[in-house]
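In case you want the letters, here they are:
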Amino acid sequence: MTTPVPYRVVARRVDTPDTATIALEPAGASLPPFTPGQFAMVYAFGVGDIPLSACGIDGPRLTHTVRAVGAVSGALHGMRVGQTVGVRGPFGTGWELCEAEGHDLLVVAGGIGLAPLRPLVLAALATPERHGRLNVLVGGRTPGELLYPDEPWQATARVRVTVDRAGPEWTKDVGLVTTLIDRAEFDPPRTAAFVCGPEPMIRATAADLVHRGVAPDRIRVSLERTMHCGTGHCGHCQLGPLLLCRDGPVVDWIHAEPLLAVREL
């Protein structure tokens, strides 16, 4: 869908001082179904639109976590229940959980990268008979910036959390998210990994997993470049031969590794 359709804000939750989660429902016709990993172009009327991965998919209801870093994200962050936004989509590739049937699942998230991985985790928990062990490794800058800490799935899945900086009240791990891999329970040859976060974290995590024996084509990463159109026409999101709004954002590591190895690409 290339023309924005109206969606109404039906719920809003403040996650951190600069991050909020908004739930949207169609104000009329709804968009086609989204799959975990895909994104929407969400339009703040009179300001502009930005790509936002769906952190929740419940029929026609979409949930997005947005961090206020610019004019559009700031406007969406400040939306109140009852206000209307425009939504286009769904766009891009998904995590393709169905291709990991019978495998252990390793989900590795850095910062707000947990948002697009959240629907994957929920889908895996809903069908435990289709997969092996589910491990979710989460890294954040500080305890106060961690997303979704009180949601029920955090107590259901094997979740391990680490932060870069912590005060005396923090009793969990401190350090890079890659340090949690040692304690995750998975069989590398029969593991599918899903990674989202800052690019250096993606590179380090994927390299560690490959070293442990996880096949590069079983490691799926979500990449980020500036997206304007969402349809592969403007070229702003080009990464080598890929247009990430069309060929991504989720890409197998076997294809992503040589592209991320080129500085400034």
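Residues numbered from 1 in each chain as written. Predicted model: local features only at pLDDT ≥ 70, side-chain atom pairs only at ≥ 80, totals over all residues. Heavy atoms only, no water.

Caption draft 1: Representation of the overall build of the chain. Secondary structure assignment for the chain yields six helices and 16 strands. For 265 residues, the compact-globule estimate of 2.2 N^0.38 gives 18 Å, and the C-alpha radius of gyration of the chain, at 18 Å, lies within 12% of that figure. A buried classification covers 49% of the 265 residues belonging to the chain. A separation of at least 24 residues holds for 66% of the contacts in the chain among residues at least 6 apart in sequence. (Helix = DSSP H or I, 4+ residues; strand = E, 2+ residues; numbered from the N terminus. Rg over C-alpha atoms; globule rule 2.2 N^0.38 Å. Buried < 20%, exposed > 50% of the residue type's maximum accessible area, 1.4 Å probe, protein only. Contact = heavy atoms within 4.5 Å.)

Caption draft 2: Layout of the sheet that holds strand β13 (residues 219–222). Taken in spatial order, the seven strands line up as β11-β10-β9-β8-β12-β13-β16 in an open sheet, and their pairing is mixed. Looking at the sheet topology across the chains shown, the edges are occupied by β11 (173–174) and β16 (250–252). Along the sheet, helix α2 (residues 114–126) makes contact with β8 (104–110), β9 (134–140) and β12 (191–196), crossing β8 at roughly 155°. In the packing of helix α6 (residues 253–260) onto the sheet, contacts are made with β13 and β16, and the angle to β16 comes to roughly 95°. (Pairing = 2+ DSSP bridges. Axes fitted to C-alpha atoms, helices over the stretch in contact; angles between N-to-C directions.)

Caption draft 3: Looking closely at α2. For α2, built from 13 residues, the straight-helix expectation of 18 Å at 1.5 Å per residue is met to within 8% by its first-to-last C-alpha distance of 18 Å. Restricting attention to buried positions, one finds in α2 the residues Leu 114, Ala 115, Pro 116, Leu 117, Arg 118, Pro 119, Leu 120, Val 121 and Ala 124. (Expected span 1.5 Å × (residues − 1).)

Caption draft 4: Highlighting the layout of surface pockets. Roughly 1,400 Å³ of volume is contained in the largest pocket. As for the largest pocket, its lining consists of 46 residues, and the residues nearest its centre are Arg 67, Ile 112, Gly 113, Gly 197 and Glu 224. At six residues, helix α4 (residues 199–212) tops the list of elements feeding residues into the lining of the largest pocket. The computed volume of the second largest pocket comes to approximately 210 Å³. Thr 35, Pro 36, Gly 94, Trp 95, Glu 96, Leu 97, Cys 98, Glu 101, Ala 123, Thr 127, Arg 130 and His 131 are the residues that line the second largest pocket. Residues of the lining of the second largest pocket, tallied by class, amount to five nonpolar, four polar and three charged. (1 Å grid on protein atoms, 1.4 Å probe; cavity = no way out; pocket = protein on both sides within 12 Å on 5 of 7 lines; lining within 4 Å. Points joined across faces, edges and corners; volume = space filled by probe spheres on them. Nonpolar A, V, L, I, M, F, W, Y, C, P; charged D, E, K, R; others polar.)

Caption draft 5: Quick look at the pairing of β8. For β8, the buried fraction is high: seven of the seven residues fall into the buried class. Alternating positions in β8 separate into two faces, Asp 104, Leu 106, Val 108 and Gly 110 on one and Leu 105, Val 107 and Ala 109 on the other, with burial throughout. Taken together, the six bridges between β8 and β12 define a ladder with parallel strand orientation. The residue bridging Asp 104 from the neighbouring strand is Thr 191, located in β12. Relative to β9, β8 runs parallel, the two being bridged by six bridges.

Caption draft 6: Representation of the side chain of Thr 127 in the model. Topologically, Thr 127 is positioned in the loop between α2 and β9. At 3.1 Å, the side chain of Thr 127 and the backbone oxygen of Ala 123 are in polar contact. (Polar contact = N/O pair within 3.5 Å; in protein donor to acceptor, adjacent residues only side chain to side chain.)

Any functional reading would require information beyond the geometric quantities listed.
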